[in-house]
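This is what each chain is made of:
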Amino acid sequence: MKIKSNFIAVSCILVTCTMLLSFSSRKDEALLAAPPNDTLKLVVPKGWPKPVYDFTKNPITREGFELGRKLFYDPVLSQDSTISCSSCHLQYTNFTHVDHALSHGIKGLKGTRNTLSIINAAWTKNFMWDGGINNIEVQPLAPIQSPVEMNSSLNIILPRLNKQEYYKKKFKLAFGKDAEINSQNFLKALAQYMLSLQSFNSKYDQVMRKEAGVAFTEPEKRGLKLFRKKCASCHAEPLFTNNEYENNGLAVDTMLKDGGRAKITHLVKDSLKFRVPSLRNVELSYQYMHDGRYRNLQMVLFHYNHSISNTINLSPKLKEPMNFSEQDKNDVIAFLKTLTDEEFLHNPKYFYQKD
Amino acid sequence: MKTPKKILTGLVVLFASLGFAQSKRDIAIHVNPVFNGEKLVLETKKYVSPANDTMQFERLRFYLSSFELVFNDGTIYKEKNSYHLIDAEEINTLKINLKDVPTGKIASVKFNIGVDSIKSVSGALDGDLDPRYGMYWAWNSGYINAKLEGRSKSCKAHQNRFEFHIGGYSFPENSLRKVEIDLSKNKTGFFEGNQLSLSADIQTWFNGIALSNVTGVMIPGKQAMTVADNYSNMFKASFQ
């Protein structure tokens with residue numbers, strides 16, 4: 001037992017050290033530093049739970065990641081070759097569609113939900129606001145087939161990719177010399193890219209790791225305290241989500257009539273519940289909530305403080321009023337801004353690359 | 001060092017093939033879609049349902065999975081990686097080859113209609129489970145276990161279309177159905193051949209279903225469960 005816990009402690013220190021090293025050197029990232037064909041491991045930061053995704057069947061490789069990145073930025077995936085995944089999921093804005101309440105897709109058509117960010121997806125059990133998608137590998141099928149997003153299909157995309165020498169070469173590099181451009185490899189490559197979108201180097205993380213020269217300001221400290229008391233039961237550290245479904249008291253939008261989780265489970269007890277979103281980089285992922293009804297964090301704090309609607313299945317955690325003062329609200333917002341991870345948002349390895 | 005190893009494997013292969021060659025065979029299962037016993041013809045032919053709806057069919061697809069053959073002596077043959085997409089429009093999908101079945105008297109055949117929950121949460125799969133065949137739901141992950149589409153004047157939906165997409169893999173809306181077909185009810189009392197025909201009677205889908213009320217099922221739930229119960233009785237076996 002002793003040996004084991006020592007070993008864990010040592011490996012944790014090692015992981016943290018490598019993390020710190022790779023970040024302090026800043027120029028080359030763990031992912032791309034590995035030689036071709038090497039299996040690249042996901043970083044599990046100290047204190048984080050085990051990832052949910054099973055990497056044994058789809059280990060991240062440099063080539064797989066690069067192929068996934070290419071596909072993520074390629075509008076050839078949409079019916080009229082105008083929309084790519086990145087049209088709605090932009091890196092600078094935490095891989096969401098900034099400033100849009102409801103996402104816009106092909107021909108400017110409007111969807112019915114606000115775009116979700118794609119970060120630390122290896123820890124996400126079920127995807128989408130209603131948790132309807134059970135594996136990140138099959139996630140792309142939803143936007144691809146949606147008539148208001150990409151209005152396309154695997155049967156449209158795969159022959160297109162097959163016509164390009166570039167992709168023929170890249171699929172073989174990523175999945176072996178006999179690999180075909182087929183649904184499975186296409187989806188696995190996209191998954192590899194998305195799974196590697198890891199954010200864990202915000203000011204909050206640095207303070208938690210007790211890095212030299214980083215400290216919370218007084219408002220941030222007070223904000224953290226309030227956050228832990230009033231918010232963390234759902235937006236649980238370190239992922240800032242408990243991955244559960246909750247009704248956080250939003251008044252029902254009678255136009256959209258979105259039942260949330262109940263749309264999937266058909267259970268009354270899930271009506272109006274939505275997946276608790278992570279708050280990492282939340283400063284940049286406005287608009288907020290599943291229908292993007294709030295434009296800024298002030299409005300979100302106003303909601304939790306003053307406008308909780310007592311609809312069916314309202315979480316018991318929100319039945320007591322928050323009683324935040326103006327200062328409290330500002331403090332919580334100051335804390336939320338410490339979750340911004342500039343390095344992640346500007347990390348060139350996630351950019352579109354020409355080659 | 002290399003040669004003896006090669007010889008050894010060669011010998012093993014030789015003995016294996018000598019030992020088992022005669023006692024193994026392939027069995028072909030022919031799936032024949034019918035309506036009330038008559039061969040199903042898509043598009044052109046009209047059929048009348050038990051609720052008196054006149055209808056034409058345009059598409060019929062379903063998964064058959066986890067094939068097992070139960071022998072008279074109680075031993076069981078299980079097909080490996082047993083997932084088959086049957087598509088009435090694709091003749092080559094109507095024949096399933098069970099490989100390397102031991103010889104012996106077979107009392108029954110077992111299989112599932114649909115895809116089990118494990119495969120339903122396993123991400124991007126290939127072969128017949130490739131999500132490109134229109135048998136996968138994008139917005140609510142999981143396979144469509146069975147699909148039947150067509151037209152009927154009784155349908156008040158757009159273009160008089162009906163669409164039954166039956167799926168759902170989790171309790172209490174799991175529409176996977178287990179089927180066991182007795183092969184002993186004949187003069188020999190068992191099946192010993194290598195050609196087995198399974199007729200799939202589409203009329204069963206419509207037990208208690210009037211197209212004037214139900215024009216389709218597109219989500220997991222009670223209605224899907226009812227249709228799945230209905231079609232779990234669609235198979236009948238025949239063989240020489």
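Reading the values: rules and limits
- Residue positions are given per chain, counted from 1 along the sequence in the order it is written.
- Following the order in which they are written, the chains are lettered starting with A and the ligands numbered starting with 1.
- It should be noted that, the model being predicted, local features are given only for residues of pLDDT at least 70 and side-chain atom pairs only at 80 or more, the latter also being counted only at that level, while totals for whole chains, interfaces and linings use all residues.
- Derived side-chain values reflect all non-hydrogen atoms in the structure, with water molecules and hydrogen atoms excluded from consideration.
- The domain boundaries here were taken from an automatic or database domain assignment.
- Contacts between residues were defined by any pair of non-hydrogen atoms, one from each residue, lying within 4.5 Å.
- As used here, buried area is the combined drop in accessible area, with a 1.4 Å probe, of two parts when they are placed together.
- Criterion for a salt bridge: a side-chain nitrogen of Lys or Arg within 4 Å of a carboxyl oxygen of Asp or Glu.
- Nitrogen and oxygen atoms within 3.5 Å of one another constitute a polar contact, given that in protein one can donate a hydrogen and the other can accept it, and given that sequence-neighbouring residues count only through two side-chain atoms.
- Elements are defined by DSSP. Helices are runs of H or I of four residues or more, strands are runs of E of two residues or more, and each kind is numbered from the N terminus.
- When residues are sorted by character, Ala, Val, Leu, Ile, Met, Phe, Trp, Tyr, Cys and Pro go into the nonpolar class, Asp, Glu, Lys and Arg into the charged class, and all the rest, Gly among them, into the polar class.
- Here the aromatic set is Phe, Tyr and Trp, taking the six-membered ring for Trp, and pairing holds for ring centres within 6.5 Å; pairs whose planes are under 30 degrees apart are stacked, those over 60 apart are edge-to-face, and all others are tilted.
- Residue exposure (1.4 Å probe, protein chains only): buried if accessible area is under 20% of the type maximum, exposed if over 50%, otherwise partly exposed.

**Let's talk about the domain arrangement of chain A**
Residue and element names in this part refer to chain A.
Then comes step 1: Split into domains, chain A comes out as domain 1 (5–200 + 342–350) and domain 2 (203–339).
Then comes step 2: Between domain 1 and domain 2, the residue contacts involve 36 residues of the former and 28 residues of the latter.
Then comes step 3: When the area that domain 1 buries against domain 2 is broken down by residue, the three leading residues are Arg113, Trp129 and Asp130, summing to 23%.
Then comes step 4: One can count one salt bridge joining domain 1 with domain 2.
Then comes step 5: One salt bridge connects Arg113 with Asp258, and the closest N-O pair in it is separated by 2.7 Å.
Then comes step 6: The interface formed by domain 1 and domain 2 includes 13 residue pairs in polar contact (both at pLDDT 80 or more).
Then comes step 7: Of all the elements, helix α1 (residues 2–25) adds the most residues to the side of domain 1 that touches domain 2, at three residues.
Then comes step 8: Among the residues making up the side of domain 1 that touches domain 2, the classes are represented as 17 nonpolar, 15 polar and four charged.

**Let's talk about the interface of chain B and chain A**
Then comes step 1: Each partner contributes to the interface: chain B provides 19 residues, whereas chain A provides 19 residues.
Then comes step 2: Summing the contributions of chain B and of chain A, the shared interface buries around 1,700 Å²; its carbon and sulfur component is 49%.
Then comes step 3: On the chain B side of the interface with chain A, the three residues burying the most area are Ala124, Arg132 and Ala138 of chain B, jointly 35% of the side's total.
Then comes step 4: Applying the counting criterion to the chain B and chain A interface returns zero salt bridges.
Then comes step 5: Where chain B touches chain A, the interface holds eleven residue pairs in polar contact (both at pLDDT 80 or more).
Then comes step 6: Here the side of chain B that touches chain A is built from residues that sort into ten nonpolar, five polar and four charged.

**Considering the packing of aromatic side chains**
Residues and elements named next belong to chain B.
Then comes step 1: In total, this model carries 37 aromatic pairs over all chains according to the counting rule given.
Then comes step 2: Plain terms: the ring middles of Phe162 and Phe206 are 6.1 Å apart, the flat faces sit at 90° to each other, and that makes the pair edge-to-face. Pair noted here: Phe162 is in strand β11 (residues 161–167) and Phe206 is in the loop between β13 (195–201) and β14 (216–217), with a separation of 44 residues, a long-range link. Taken individually, Phe162 and Phe206 each receive the classification buried, so the pair is uniform in this respect.

**Observations regarding unusual backbone geometry**
Residues and elements named next belong to chain A.
Then comes step 1: Glu237 connects to Pro238 through a cis peptide bond whose omega is -5°.
Then comes step 2: Within the element layout of this structure, Pro238 appears in the loop between α10 (218–230) and β3 (245–246).
Then comes step 3: Tyr286 connects to Gln287 through a cis peptide bond whose omega is -5°.
Then comes step 4: Within the fold, Gln287 resides in the loop between β4 (274–275) and α12 (297–306).

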